[in-house]
Amino acid sequence: MFLKKYLQDIYYAVKSLLIGMRRTGYYFTHHKEIITQQYPDNKDSLSLPERFRGEVVMIHDENNEHACTGCTACELACPNATIKIITQIDTTPEGKKKKALNTFVYHLDLCTFCNLCIVACPTDAIKMANTFEHSVFDRSKLTKILNKPDSKIRAGIE
Amino acid sequence: MPSLENIADIIHTWLNITFNSTTALLIELVIVAVSAIGLFSMLGLILIMMERKVSAYMQVRLGPNRVGPKGMFQTVADTLKLMVKEGMTPNGADKFLFNLAPFIVMIVAMVILAPLAFAKNFQLWDLNIGILFVASVSSVSVIGILMAGWASNNKYSLLGAMRSGAQIVSYELSAGLSIITIVILTGSLKISTIIQSQSDGWWIFKGHIPALIAFVIFIIAVTAETNRAPFDLAEAESELTAGFHTEYSGMKFALFFLAEYVNIFIVCVLGATLFLGGWMPLHFGTDTRFNELMDYIPSSLWLFGKTFFLIFIIMWFRWTFPRLRIDQLLNLEWKYLLPISMFNLLLTTLMAIMGWHF
């Protein structure tokens, strides 16, 4: 009985080790599996995955309209105060007063790319872009204003 | 056809004509020393490059590819860097032992080189106990490792060295027993006789299952003896930073690093000599046409081909298997490898007495 278990142990050990060696042997002989991207050389053909988190951007359509209502849900969701939203009070043609976005300030130097602001946004106004070459010579350049000049909220977004 | 044997003969005759025999001998000694150092440095460059490329491909990476064509000069650049770096000695270290240790490890590797046959009739010293010499001298290297660990005055170094000592002492047993398997089949400890006995087929083919088991055990045991993953507890970078050479830097570190690779080369030459016929070309029975065709390939190429095949297998182990714990390591040796190799020894003895091998 002891001998049977002893030999069984050896058999399973050798088998599992050979399975591992088959896998690495496959990778050794199949170079097309290599996932390394040689970055500065392949700048033209660089392909990043859709979910890559480079920086927060605001989505603008062709009429220079965005979907941000200035609700500050993203500002509240941010764990380290990366986002600062400055709002203004607009008066609609009917005479009603309404809160609207004035400036969306985004501190890239504080951001940890946790994606919580994008999840929190009720109108999907912001998203993560996959640009990643953020180095600058002055830290103040990392403070960005996300809404483009003269942009306004798209009609029908509450 | 120029071969290593011819070149050695030409140099020998020329020296003996030009000088008297004592001077000729001295000059030959110098030539041998220089070529041994040359071989070592070449091996260091080639094997480290090979290791890095093999590991990269096995981990779905590219590996070094910037210095020179396909990164071939990366190790040259690394060597230059190590040469110009400062070789520091820690304040609390035992200075004498600390500086002596890397040289002991290196000299042991050089001494083992003596009885190995690199090509047909190309051997430094064909002594009649060649295999025994290699097996005994290779265990001296553990003294160098223990010395480095103790003299560093560092807990990581000492732990690494103690582990290395336990490991080498226990795995030498099964390595020795699997060597003895072939010695029984050959009936000689002399390396040239062992190679000559494989002229009609290598022992791994002629020796049936016992030789195969011995070969597998030999490969496992020498992987452990050279302190390589999955048996690299002596270095275990995730636990002990670098084990016994934690405190070494510059050229002294490079010597340890080089000694590791040279030791791999030496045990692989030994494995090729014992099981794969050394420099003997692949011969099958009486098929003379096939045998003659195989003889056209130079014998040195045969040996280096087999050696690099074994080195590749050991590298394959390293980049596939996770590291063993110290208790698992000793379990493997004392509960599995040693009983199996003892049983295997009995089987081989029976086979040799009854003449069941080819």
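Residues numbered from 1 in each chain as written. Chains lettered and ligands numbered in written order. Predicted model: local features only at pLDDT ≥ 70, side-chain atom pairs only at ≥ 80, totals over all residues. Heavy atoms only, no water.

1. Quick look at the sheet that holds strand 6 (residues 143–145) of chain A
Whether parallel or antiparallel, the strands of a sheet pair through hydrogen bonds between backbone atoms.
Residues and elements named next belong to chain A.
Consideration 1: Taken together, three strands build an open sheet; the order of strands is 3-4-6 and the sheet is antiparallel. Of all the strands in the sheet, just strand 3 (83–91) and strand 6 have a single pairing partner and so form its edges. For this sheet, the mean inter-axis angle between neighbouring strands, taken without regard to orientation, is 30°.
Consideration 2: In terms of strand pairing, strand 4 (residues 97–107) meets strand 6 through three bridges, oriented antiparallel. What sits directly across from Y106, in strand 6, is K144. (Pairing = 2+ DSSP bridges. Helix = DSSP H or I, 4+ residues; strand = E, 2+ residues; numbered from the N terminus. Axes fitted to C-alpha atoms, helices over the stretch in contact; angles between N-to-C directions.)

2. Describing the domain arrangement of chain A
Consideration 1: Domain parsing of chain A yields domain 1 (2–35) and domain 2 (55–153).
Consideration 2: The centre of domain 1 of chain A, based on its C-alpha atoms, is set 52 Å off from the matching centre of domain 2 of chain A. (Domains from an automatic or database assignment.)

3. Regarding the pattern of salt bridges
Consideration 1: Taken as a whole and assessed by the stated rule, the structure comprises 11 salt bridges over all chains.
Consideration 2: The salt bridge involving D9(A) is made with K5(A); its shortest N-O contact spans 3.4 Å. Of the two residues, D9(A) and K5(A) are both situated in helix 1 (residues 2–29); the distance of four residues between them amounts to about one turn of the helix.
Consideration 3: By relative accessible area, D9(A) is classed as partly exposed at 30%.
Consideration 4: A cluster of three or more residues bridged by salt bridges with shared partners is formed by E51(B), R228(B), E260(B) and R318(B). (Salt bridge = Lys/Arg side-chain N within 4 Å of Asp/Glu carboxyl O. Buried < 20%, exposed > 50% of the residue type's maximum accessible area, 1.4 Å probe, protein only.)

4. Description of the packing of helix 2 (residues 21–58) of chain B against helix 3 (residues 74–84) of chain B
Residues and elements named next belong to chain B.
Consideration 1: The contact between helix 2 and helix 3 brings their axes to 9 Å, and the two run at 120°. Here helix 3 runs oblique to helix 2, going by the angle between their axes. As for the relative orientation of helix 2 and helix 3, their crossing is right-handed in sense. Two secondary-structure elements touch here, helix 2 through L45, I48, M49 and R52 and helix 3 through Q74, T75, V76, D78 and T79.
Consideration 2: Here the residues of the contact of helix 2 with helix 3 are counted per class, giving four nonpolar, three polar and two charged. (Parallel < 35°, antiparallel > 145°, perpendicular 65-115°, else oblique. Left-handed = near helix turned anticlockwise from the far one by under 90°. Contact = heavy atoms within 4.5 Å. Nonpolar A, V, L, I, M, F, W, Y, C, P; charged D, E, K, R; others polar.)

5. Considerations on the environment of K148(A)
Residue and element names in this part refer to chain A.
Consideration 1: Tracing the backbone through its elements, the reader meets K148 in the loop between strand 6 and strand 7 (152–153).
Consideration 2: According to the relative accessible area criterion, K148 is partly exposed, its value standing at 47%.
Consideration 3: Spatially, the C-alpha atom of K148 lies 19 Å from that of G54, the residues being 94 residues apart in sequence.
Consideration 4: Apart from the residues lying within four places of it in its own chain, the contact partners of K148 are H60 and N64.

6. Some points on the interface of chain B and chain A
Consideration 1: The interface is formed by 18 residues belonging to chain B together with 17 residues belonging to chain A.
Consideration 2: Note on chain B versus chain A: buried area summed over both sides is about 1600 Å², and carbon and sulfur give 71% of it.
Consideration 3: Among the residues chain B hides against chain A, the three largest losses belong to Y57(B), V60(B) and Y336(B). Together they make up 35% of the total.
Consideration 4: Where chain B touches chain A, the interface holds one salt bridge.
Consideration 5: Among the salt bridges present, the one from R66(B) reaches D41(A), with a minimum N-O distance of 3.2 Å.
Consideration 6: Linking chain B to chain A there are eight residue pairs in polar contact (both at pLDDT 80 or more). (Buried area = accessible area lost by both parts, 1.4 Å probe. Polar contact = N/O pair within 3.5 Å; in protein donor to acceptor, adjacent residues only side chain to side chain.)

7. Looking at unusual backbone geometry
Consideration 1: Look at A81(A): it is not a glycine, yet its phi comes out positive at around 55°.
Consideration 2: With respect to the helices, strands and loops of the structure, A81(A) is situated in the loop between helix 2 (73–77) and strand 3.
Consideration 3: Even without glycine at this site, N153(B) takes up a positive phi of about 60°.
Consideration 4: Locating N153(B) in the fold gives a position in the loop between helix 6 (141–151) and helix 7 (155–186).

8. Notes on the packing of aromatic side chains
Consideration 1: A full pass over the atoms with the stated rule returns 21 aromatic pairs over all chains.
Consideration 2: Plain terms: the ring middles of F98(B) and Y248(B) are 4.1 Å apart, the flat faces sit at 5° to each other, and that makes the pair stacked. You can see F98(B) sitting in helix 4 (residues 95–112) and its partner Y248(B) sitting in the loop between helix 11 (237–240) and helix 12 (250–275), a full 150 residues away along the chain. Each of the two residues, F98(B) as well as Y248(B), counts as buried.
Consideration 3: Residues F257(B) and Y261(B) carry aromatic rings whose centres are separated by 5.5 Å and whose planes lie at 75° to one another, so their mutual orientation is edge-to-face. In this pair, F257(B) and Y261(B) both sit in helix 12, four residues apart, roughly one turn of the helix.
Consideration 4: Look at F257(B) and you get partly exposed, because its relative accessible area is 28%.
Consideration 5: The rings of F28(A), Y57(B), F312(B) and W316(B) are connected pair by pair, giving a single aromatic cluster.
Consideration 6: In this structure, R23(A) is placed above the aromatic ring of Y27(A), and the distance from its NZ or CZ to the ring centre is 4.9 Å. (Phe/Tyr/Trp six-rings, centres within 6.5 Å; stacked < 30°, edge-to-face > 60°. Lys NZ or Arg CZ within 6 Å of the ring centre and 35° of its normal.)

9. A short note on helix 4 of chain B
All names here are of chain B.
Consideration 1: If you check helix 4, its first and last C-alpha atoms are 27 Å apart, about what 18 residues at 1.5 Å a residue would give, namely 26 Å.
Consideration 2: Roughly 30° is the biggest bend found in helix 4, and it falls at A101, with proline P102 one to four residues downstream.
Consideration 3: Here the buried face of helix 4 lies against helix 2, helix 5 (130–138), helix 6 and helix 12. (Expected span 1.5 Å × (residues − 1). Bend = angle between axes of the 7 residues up to and from the residue.)

10. Overview of the side chain of S152(B)
All names here are of chain B.
Consideration 1: With respect to the helices and strands, S152 occurs in the loop between helix 6 and helix 7.
Consideration 2: A polar contact of 2.7 Å, which involves the side chain of S152, links it to the backbone oxygen of A148.
Consideration 3: Setting aside anything within four residues of it in sequence, one finds S152 in contact with P90, A93, F98, S157, F244, E247 and Y248.

11. Details of the packing of helix 2 of chain B against helix 14 (residues 299–318) of chain B
All names here are of chain B.
Consideration 1: At a minimum axis separation of 10 Å, helix 2 and helix 14 run at an interaxial angle of 45°. By the criterion of interaxial angle, the relationship of helix 2 to helix 14 is oblique. For the pair helix 2 and helix 14, the sense of crossing is right-handed. Between helix 2 and helix 14, the residues in contact are I46, L47, M50, E51, V54 and M58 and F308, I311, F312, M315, W316 and R318, respectively.
Consideration 2: Per-class residue counts for the contact of helix 2 with helix 14 are 10 nonpolar, no polar and two charged.

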